Amino acid sequence: MSALNDYWEALSRLRSNTPVRVPKSSPINKDTVALEAGRKRGSIKKSRASFSELIEAIDNATANINHSYQSIDNRLKAEKSAKNNYRELYHQTLNRELMLMERLAQLEKEIENLKKVVPLRK
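What counts as what
Position labels on residues start from 1 in each chain and follow its written sequence. Confidence filtering applies because this is a predicted model: local features only for residues at pLDDT of at least 70, side-chain atom pairs given and counted only at 80 or more, and all residues used for totals across whole chains, interfaces and linings. Water and hydrogen atoms were dropped before computing side-chain values, which therefore reflect all heavy atoms in the structure. Buried Ala, Val, Leu, Ile, Met, Phe, Trp, Tyr and Cys residues that are joined via side-chain atoms within 4.5 Å together make up what is termed a nonpolar core. Only protein chains enter the area calculation, which uses a 1.4 Å probe; residues under 20% of their type maximum are buried, those over 50% are exposed, and those in between are partly exposed. Comment: elements are numbered from the N terminus, with helices defined as DSSP H or I runs of at least four residues and strands as E runs of at least two. Throughout, a residue-residue contact means that at least one pair of heavy atoms, one from each residue, lies within 4.5 Å.

> What's the story with the nonpolar core in this structure? I'm lost.
Note on soluble globular proteins: their nonpolar side chains tend to be buried together. Counting 17 residues, the largest nonpolar core has Tyr-7, Leu-11, Val-33, Ile-44 and Leu-54 as the members making the most contacts within it. At the level of elements, helix H1 (2-15), helix H2 (30-36) and helix H3 (52-117) are the ones that each hand at least two residues to this core. Setting aside anything within four residues of it in sequence, one finds Val-33 in contact with Tyr-7, Ala-10, Leu-11, Leu-14, Ile-28, Ile-44 and Ile-58.

The structure is reproduced here in C-alpha cells:
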C-alpha cells in the first residue's frame, strides 16, 4: 500500500506545482505521476483495479488544469481584442485631431484674406 500512497503524494505535489522528480509545470498525466512517485513511466495501468481511483483523480486534475488554461486563453484573447480596439480608437482620434488642425488653419487663412479685403473698424 505504500506504493499507492507514493502515487497519491506525487499527484498532490503535481497539483500544487511543487514536484521533486519532474520539472515544474509538467502536465498531469499517468506517466508524470508515476515518474514523480519514483516509478517507471507506464506503471499506472487501467487494467489494475487498485489504480482506478488514482486514474480518476488524475483525469479530474487534468480536466481542472485544462479548464484553467482555457480561461487564461479566453482572458488573453479578450485583452488582445481590447488592445486592438483601443489602438483603433487612438488612430481615429489622431485623424480627427489632424483634420481639425487643418480646418483651423484654413479658417485662419480665410480671416487673414478677409482682413485684407475689408479692414476691420476700430
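The discussion continues.
> Hey, could you run me through the environment of Leu-35 in this one?
By the element assignment, Leu-35 lies in helix H2. Here the alpha-carbon distance between Leu-35 and Val-22, two residues 13 residues apart in the chain, equals 7.0 Å. With residues up to four places along the chain from it excluded, the contact list for Leu-35 reads Arg-21, Val-22, Lys-40 and Arg-41.

> Quick question: what am I supposed to make of unusual backbone geometry here?
Peptide bonds are mostly trans, and most non-glycine residues show a negative phi. Even without being a glycine, Asn-17 presents a positive backbone phi close to 60 degrees. You can see Asn-17 is positioned in the loop between H1 and H2. Positive phi outside glycine occurs at Ser-25, with the angle close to 65 degrees. When its relative accessible area of 53% is taken as the criterion, Ser-25 is described as exposed.

> What's the story with the environment of Asp-6 in this structure? I'm lost.
By the secondary structure assignment, Asp-6 is in helix H1. Sequence-wise, Asp-6 and Glu-36 are 30 residues apart; in three dimensions their C-alpha atoms are separated by 8.7 Å. When sequence neighbours within four positions are dropped, the list of residues in contact with Asp-6 reads Ala-37 and Arg-39.

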